[in-house]
Amino acid sequence: MRRFLRPGHDPVRERLKRDLFQFNKTVEHGFPHQPSALGYSPFLRLMAIGTRSGAIKLYGAPGVEFMGLHEENNTVMQIHFIPDQCQLVTLLDDNSLHLWSLKQHGGTSELREEHRFTLKGPPGSPPSATQVTAVLPHSSREVLYLGTESGNIFVVELPSFRVLEDRTITPEAVLQRIPEDNCNRRSCELVEALREHPKNPDQILIGYSRGLIVLWDLQNNKATHHFLGSQQLENLYWQRDGSKFISCHYDGSYSQWPVSSDSRQAEPLENTVPYGPFPCKAISKIYWQTTKNGLPYIIFQGGMPRASYGDRHSISVIHGSQQTAFDFTSRVIDFFIIFSSDPAAEFDDPSALVVLAEEELVVIDLKSAGWPAVHPPYLASLHCSAITCSHHVSNIPLKLWERIISAGSKQNIHYSSMPWPIDGGTNIAPDPPQRDLLLTGHEDGTVRFWDASGVCLHLLYKLSTVRVFLTDADPNDNMNTLGEDEWPPLRKVGTFDPYSDDPRLGIQKIYLCKYSGYLAVAGTAGQVLVMELNDEDAEHMVDHAEADLLQDQEGYRWKGHEKLKTRDGPVRFEAGFQPFVLVQCQPPAVVTSLALHSEWKLVAFGTSHGFGLFDHQQKRLVFVKCTLHPSDQLALEGPLSRVKSLKKSLRQSFRRIRRSRVSSRKRRGGGGNASEVQEANAKFDQDMLQEMELAPVQRKIEARSAEDSFTGFVRTLYFADTFLRDSSRHCPSLWAGTNGGTVYAFCLRVPPAERRMDEPVRAEQAKEIQLMHRAPVVGILVLDGRSTPLPEPLEVAHDLSKSPDMQGSHQLLVVSEEQFKVSSKLKLKLTALEGCRVRKVTVANFGSCKTDDYSENDLAVLTNLGDIQIISLPFLKLQIRYPCICKEDVSGIASCVFTKYGQGFYLISPSEFERFSLSTKWLVEPRCIVDMPEVTSNNHVHKSGTENAARNSRGPGRSSGDCGEDERKSGRLMEHALLNDEKVLKEIQSTLEGGRGSYAEKNSARSPLGHGLSNGGAD
């Protein structure tokens, strides 16, 4: 009975675990998924973005960001900041209004929802009577004006959301002041726009959909002027001095109207169709900005010729004779202009155009010649091409960091030097103590290097592998090249490009050595590129080598895609990482595993057919090993052409059932002879049962058949200097684990440095271990005599790690999907009552938050249920378990990458990484504060009691301070809102499967709606 007893409760260890481990979801990196609304406060200099899932995110200076989530998870339709206040109002598609406040708590600011309100009409009234279409926060900060579909304008008191019924502006009241021959009852249906007079807060401009515009006197409750447009109205904008306003219309025209002391109906001063005379699309929003030189900026969305350019997403800027139509690759959600907000200023003097598109944020510098784009410090479009893999490297040496930044700066010369214009709030988080890189591989063959040291994920450098290969597109093509007389004057802006020249270019595996600067990337068509960092542009040949993984097999025929064609002759590369050798796997299947040892100058690669070892110093193939099983026919079809029939799936399922029944009868009868491998494993299991204390809930793992498909799929590769042949001599070795539960070990003979170029590297297979349960091997690790994982290549040489203990015996840790084994001593079976499987595993270092003297290495494990488990080394004891990812989010689990110091990233949408921490010591989270600037106007402020606001607070947003329970709840709600949508899950899945259409391609066909610090190690 001893083996069924659980170990006793150790209070010392429990206290230590509290000092080491803590789970927090800290920050979301990237671009919000499916944005639907945009707002800006010139007073706070903060920008707000709302999404279709009900999230609201505020951004200011780099590092200043807040997040909140509406409990309803409805689409955010409009966002309006209350003038001169740290408050904003959101309108959702369920017609509810929500008041949010930025409040200081514990030394930081946090976003909280204060009140919510839904406008209700009289009993029996249709929904259109109270369907809000326009919102105007008045400069008094006391009321909101709400325009509706019925033409009524309701006045709502702030912050109580009490309707002031006696101040409602009805269509009947408006029509009483307008001559009957000019309009009828239908002219006052659907309020399209509400604008406050810039000089007189007692007057508001009301625009109705059918073209009627009324200037309404709030004091006397009457219309003082009316303007009748001939086209359907889209929007209005006051000029700064209040003497004129601009209206834009459905037919692609805009009109300028004078406001004089004469109350008679005015005629427009001008009526212009900027891209006429042929029919044009609607101009949905317009700005008229005055400047010192007298020439105004006219900036508007839409208006393109309907027949030829009706599918373009554009915003046009006109300044004198200069005119440009900025062309975006995704739908424009909204935009705003940053201009002088000083009430005493005579001119607007616009400085920047900020555009929120469906897939990216673009900022245009209006002060510099040519109107260049501004490089954003956050809200990066991670999915500018669909993400296919990711890789994290921690604690980058300063020299390598500076060289990467230098290479990236040469790619950014076309950006403006303007400081980031949205700079509200103050970032009070401590500076990152080290430099971390997150590398993302993309469908178009690029690798992007991101600064992942802090809250802002900032692009440092982009590497493209396309130049090595021949593709349909010429890399020298310039998308922005326009003829002098081309009309409309379109200019491509932004980085979002959902189209890949060839899906075979997709990056599947990345491995960067931070000490040597060597980088290996592998792709969808079996291509493996080894690169080194060069600070200058260079033109050179790329050496080619071919690795035939089926050389000893007969009767196999590859049915998948062809390999990529390479360029002949020298290829010119820009400064940065430049490839010097290409290894092409045959068949050209997806590369499934990759390992680089920069000290031995070796790179190992694996596919679904086998694995190979390449000497990139001598540029010579050392060996290849075929792991293909005779039944692995699916492995020969390839990811771009595989079609698995339902009939075949059912047949295989029934065969597995029959095999399990037969094997169970054999076990009961005691018949059958076992092979030597099975006997060895059975003895191994028996030994484990005698030494382990098993929990009653652990189940026996059923053996899988060797005939299951993809058994030869190479899941992991690992280099180690260890005792492979005997316990007296250690040597370099390469380990490989397959989907069929087989572990291969090869002894390597690497010549000493002085003879490295003269003698070849030799390899000899030393071991082949078959796990009895045949579960896929997902990780291999060697522990030294102190039970510490072996250091990375060159880590000891750079004095960043202790030398491994080569005196005591080493231990081999093999991690399969279902269990962990350390040599012949310890085993941990996963509790698999719910079908638990290991999906990701890495060694992480956890430091104590109480003392700098203690840290330990543990395994961080992600399962297919979305749980994260921390398991001790070398005793394989479960320390703690956290729910992290929704188990239905298969793609989020597949995209997860752990770091070396207990952090992690995973995709919660095609464009966003969720960052989480398992460590109490290393934590990245926003810590920022927004102070109330001084109010320069003389308007009185409506003050609300803090206690009352706190009492009525509903659903806190993400705090910028310490991560409390409310914040974690909000994070879980946000993730639930995204992952509850089956479409989102499918979109993420499509970005991670090689050769499938990208998320953006599918998204473009969809009908639009209205709307502490991380330190990481290589994955």
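A few points on the structure. (Residues numbered from 1 in each chain as written. Predicted model: local features only at pLDDT ≥ 70, side-chain atom pairs only at ≥ 80, totals over all residues. Heavy atoms only, no water.)

**A word on helix α4 (residues 398-411)**
In step 1: Relative to the 20 Å expected for 14 residues at 1.5 Å per residue, α4 spans 20 Å between its end C-alpha atoms, a close match to the ideal helical length.
In step 2: Buried within α4 are the following residues: Leu400, Trp401, Ile404, Ala407, Gly408 and Gln411. One side of α4 holds all its buried residues, which, seen down the axis, span an arc of 130°.
In step 3: Where α4 is buried, its residues touch β32 (437-442), β33 (446-451), β34 (458-464), β38 (527-534) and β42 (576-586). (Helix = DSSP H or I, 4+ residues; strand = E, 2+ residues; numbered from the N terminus. Expected span 1.5 Å × (residues − 1). Buried < 20%, exposed > 50% of the residue type's maximum accessible area, 1.4 Å probe, protein only. Arc of directions from axis to C-beta. Contact = heavy atoms within 4.5 Å.)

**A closer look at the side chain of glutamate 818**
In step 1: Position of glutamate 818 relative to the elements: it lies in the loop between β52 (811-816) and β53 (819-822).
In step 2: In this structure the side chain of glutamate 818 is engaged in a polar contact, spanning 3.3 Å, whose partner is the side chain of arginine 837. (Polar contact = N/O pair within 3.5 Å; in protein donor to acceptor, adjacent residues only side chain to side chain.)

**Observations regarding the pattern of salt bridges**
In step 1: Going through the model one piece at a time under the given rule, you end up with 34 salt bridges.
In step 2: A salt bridge links arginine 162 to glutamate 157; the shortest N-O distance between them is 3.3 Å.
In step 3: Look at arginine 162 and you get partly exposed, because its relative accessible area is 47%.
In step 4: Lysine 900 serves as the salt-bridge partner of glutamate 795, at 3.0 Å between the closest nitrogen and oxygen. One end of the pair, glutamate 795, is in the loop between β51 (777-783) and β52; the other, lysine 900, is in the loop between β59 (897-898) and β60 (903-909), and 105 residues separate them in sequence.
In step 5: Residue glutamate 795 is classed as buried on the basis of its relative accessible area of 7%.
In step 6: Bridged by salt links that share partners, the residues Glu28, Lys57 and Glu912 form one connected network. (Salt bridge = Lys/Arg side-chain N within 4 Å of Asp/Glu carboxyl O.)

**Observations regarding the pairing of strand β26 (residues 332-338)**
In step 1: In terms of burial, β26 is largely enclosed, as 7 of its 7 residues are buried.
In step 2: Pairing analysis gives 6 bridges linking β26 to strand β27 (residues 352-357), with the strands arranged antiparallel. Pairing of aspartate 334 across the sheet is with leucine 356, part of β27. (Pairing = 2+ DSSP bridges.)

**What to know about helix α1 (residues 11-20)**
In step 1: The complete set of buried residues in α1 reads Arg13, Lys17, Asp19 and Leu20. Buried residues of α1, seen end-on, are gathered within an arc of 160° and therefore sit on one face of the element.
In step 2: Where α1 is buried, its residues contact β1 (21-30), β55 (838-847), β56 (855-863), β58 (878-883) and β61 (912-919).
In step 3: Between the side-chain oxygen of the N-cap and the backbone nitrogen of valine 12 there are 3.2 Å, and the N-cap of α1 in question is aspartate 10.

**Some details on the environment of alanine 547**
In step 1: Relative to the helices and strands, alanine 547 resides in strand β40 (residues 543-548).
In step 2: Overall, alanine 547 belongs to the buried group, its relative accessible area being 0%.
In step 3: Sequence spacing of alanine 547 and phenylalanine 611 is 64 residues, and the spatial spacing of their C-alpha atoms is 9.0 Å.
In step 4: Once residues lying within four places of it in the same chain are set aside, the contact partners of alanine 547 are Val583, Gln584, Cys585, Gln586, Phe605, Leu621 and Val624.

**A look at the sheet that holds strand β20 (residues 254-258)**
In step 1: As summarised here, the arrangement of the 4 strands in space is β18-β19-β20-β21, forming an open sheet in which the pairing is antiparallel. Taken across any chain shown, the strands that pair with only one partner, and hence form the sheet edges, are β18 (233-238) and β21 (270-272). Taken pair by pair, the neighbouring strands of this sheet meet at an average axis angle of 20°, ignoring direction.
In step 2: Where β18 lies against strand β19 (residues 244-249), 5 bridges are found, and the strand directions are antiparallel. Bridging across to β19, leucine 233 finds its partner in histidine 249. (Axes fitted to C-alpha atoms, helices over the stretch in contact; angles between N-to-C directions.)

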